[in-house]
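A structural walkthrough
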Amino acid sequence: FCACRLSSARGIQHTAVRRAHRKQEPTFHDKYGTVTLLAGAAVFSTVWGYVLTNLKIEWGFSPIGRVTPSEWRE
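About the cut-offs
- Residues numbered from 1 in each chain as written.
- Predicted model: local features only at pLDDT ≥ 70, side-chain atom pairs only at ≥ 80, totals over all residues.
- Heavy atoms only, no water.
- Helix = DSSP H or I, 4+ residues; strand = E, 2+ residues; numbered from the N terminus.
- Buried < 20%, exposed > 50% of the residue type's maximum accessible area, 1.4 Å probe, protein only.
- Areas by Shrake-Rupley, 256 points an atom, 1.4 Å probe, with all protein chains shown as cover.
- UniProt positions renumbered as here; feature names shortened; annotations may be inferred.
- Patch = residues over 30% accessible without salt bridge, like charges linked within 9 Å, V, L, I, M, F, W, Y side chains within 5 Å.
- Salt bridge = Lys/Arg side-chain N within 4 Å of Asp/Glu carboxyl O.
- Expected span 1.5 Å × (residues − 1).
- Bend = angle between axes of the 7 residues up to and from the residue.

Looking only at helices and strands, one finds 2 helices and 0 strands in the chain. For the chain, with 74 residues in total, the buried portion stands at 1%. Carbon and sulfur atoms provide 63% of the accessible area of the chain, an area that totals close to 7,900 Å².

The structure is reproduced here in structure tokens:
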């Protein structure tokens, strides 16, 4: 029982030492994080800019000016 824990601790130490001596390589976020963020913001702004300016969207919920009353019949 005790030897198993000792072996496990040595394995953890060995892994920690191996990781500490490994050359640190940049991650995806280190390489492309800012570029990806800016590209996404540009696409987002372009799409919503198009939607808000070129589509015929009627803003507001008031029917005044859009609904004409029909003639009253008696």
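On to the UniProt feature "transmembrane region" (unreviewed entry) in the chain, then. Cross-referencing UniProt, the feature "transmembrane region" (unreviewed entry) maps to residues 32-51 in the present numbering. The span residues 32-51 shows a helical share of 100% and a strand share of 0%, and its end C-alpha atoms are spaced 28 Å apart.

For the rest of this paragraph, the subject is a nonpolar patch on the surface. The grouping of Val43, Phe44, Val47, Trp48 and Leu52 at the surface amounts to a nonpolar patch, some 520 Å² of accessible area in total. Positionally, Phe44 belongs in helix H2 (residues 28-54). Accessibility expressed as a relative area gives 54% for Phe44, which makes it exposed.

Taking 1.5 Å of rise per residue, the 27 residues of H2 would be expected to cover 39 Å, and the 37 Å separating its terminal C-alpha atoms lies within 8% of that figure. Roughly 30° is the biggest bend found in H2, and it falls at Thr34.

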